[in-house]
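Here's the letter readout for the chains.
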Amino acid sequence: MEKKLNILIVDGDVSEAEELENELNREFDIVGTVFDGMKAVDEIIRKKPEVVLIDIMLPYIDGVGVIEKCRECMEYEQLPVFIVLTSIGTEKLIECVNHMDIDYCMMRPFKNEVLCRRIKQVAKIKGLDQKIIQKETENKFKKNDQRTVIDHEFHMTSCNQVAENILGKKANELIGKDLSIEQINGWDFSFLKNKKKK
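Residues numbered from 1 in each chain as written. Predicted model: local features only at pLDDT ≥ 70, side-chain atom pairs only at ≥ 80, totals over all residues. Heavy atoms only, no water.

Enquirer: Sorry, what's going on with the overall build of the chain here?
Expert: When you go through the chain residue by residue, the secondary structure sums to eight helices and nine strands. Taken across its 198 residues, the chain has 36% of its residues classed as buried. Considering only intrachain contacts with a sequence separation of at least 6, the fraction spanning at least 24 residues in the chain is 50%. Of the roughly 12,600 Å² of accessible surface on the chain, a fraction of 51% belongs to carbon and sulfur atoms. (Helix = DSSP H or I, 4+ residues; strand = E, 2+ residues; numbered from the N terminus. Buried < 20%, exposed > 50% of the residue type's maximum accessible area, 1.4 Å probe, protein only. Contact = heavy atoms within 4.5 Å. Areas by Shrake-Rupley, 256 points an atom, 1.4 Å probe, with all protein chains shown as cover.)

Listed below in structure tokens is the structure:
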């Protein structure tokens, strides 16, 4: 059985929030419903939901402010998908949503089946994005852990980032080079010739 996404609902209108919770409860695991921005920040940091459905109009801190605070306090991997729900479709709001790189914005009124579909789609995209970043981070660490190795004939057989930076060339330009006859980026390795003869 497929694991249900866990969702936090943040809406200043109590009746709308409860209606949304009842509708979404069948397909998702609702971890809470919050009615103001201050409480929303606390709950997001504490519960770390996968998805937050958030209204723009909230008491104390508006929806955009909640997202900003969460981004300040949480690591990227911990951030939920933020889906903004709004009945205000002004050009300025749309510009703000785009500028803030909010995951998705949905205009009210909407059909619940469409909302369910969008939640799953946007969460899937965010999951893929996080996997790509994790893979890039792993590859970066692997590259940094790699050693620079020179064999007994003074050929470079392996090259790390530090050697690339010092010598001013990429690993594929350095590996296999006979350093005893090379002068690379101002570094003269000709002194190795004498050692090679011995």
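Enquirer: Any chance you could explain the pattern of salt bridges here in plain terms?
Expert: Think of it this way: side chains of opposite charge can pair up when their charged atoms draw near. In the structure shown here, the tally under the stated rule is six salt bridges. Notably, a salt bridge pairs Arg-108 with Asp-11, separated by 2.6 Å at the nearest N-O pair. Within this pair, whereas Arg-108 is found in the loop between β5 (104–107) and α5 (112–145), its partner Asp-11 is found in the loop between β1 (6–10) and α1 (14–24), the two being separated by 97 residues in sequence. Look at Asp-11 and you get buried, because its relative accessible area is 2%. We note a salt bridge from Arg-46 to Glu-43, for which the minimum N-O separation is 2.9 Å. A residue pair is termed a helical-turn pair when its members lie 3 or 4 positions apart in one helix, as Arg-46 and Glu-43 do in helix α2 (residues 37–47) at three residues. (Salt bridge = Lys/Arg side-chain N within 4 Å of Asp/Glu carboxyl O.)

Enquirer: Mind showing me how you'd approach the environment of Lys-177 here?
Expert: Summarising the element assignment, Lys-177 is placed in the loop between α7 (171–174) and β8 (183–184). A relative accessible area of 34% means that Lys-177 is categorised as partly exposed. Through-space distance from the C-alpha of Lys-177 to that of Met-156 is 5.9 Å; in sequence the pair is 21 residues apart.

Enquirer: Even after reading the chapter, I still don't get the environment of Asp-36, so can you show me in this structure?
Expert: Position of Asp-36 among the secondary structure elements: in the loop between β2 (29–34) and α2. For Asp-36, a relative accessible area of 18% puts it in the buried group. Taking the C-alpha atoms as reference, Asp-36 lies 5.4 Å from Leu-58; in sequence the two are 22 residues apart. Aside from chain neighbours lying at most four places away, what touches Asp-36 is Val-10, Pro-59 and Tyr-60. A polar contact of 2.9 Å, which involves the side chain of Asp-36, links it to the backbone nitrogen of Lys-39. (Polar contact = N/O pair within 3.5 Å; in protein donor to acceptor, adjacent residues only side chain to side chain.)

Enquirer: Would you take a moment to explain the pairing of strand β4 (residues 81–86) for this structure?
Expert: Every regular strand shows the same layout, with side chains that alternate between the two sheet faces. The buried fraction of β4 amounts to six of the six residues, a majority that puts the element mostly inside the structure. Pairing geometry for strand β3 (residues 51–55) and β4, over five bridges, is parallel. Looking at β4, one finds that Ile-54 is bridged to Val-84. Note on the crossover from β3 through helix α3 (residues 63–73) to β4: the handedness is right-handed. As defined by bridge partners, β4 adjoins β5 across four bridges and the pair is classed as parallel. Each bridged residue has a counterpart across the sheet, and for Ile-83 the counterpart in β5 is Tyr-104. (Pairing = 2+ DSSP bridges. Right-handed = clockwise from strand over helix to strand, strands pointing away.)

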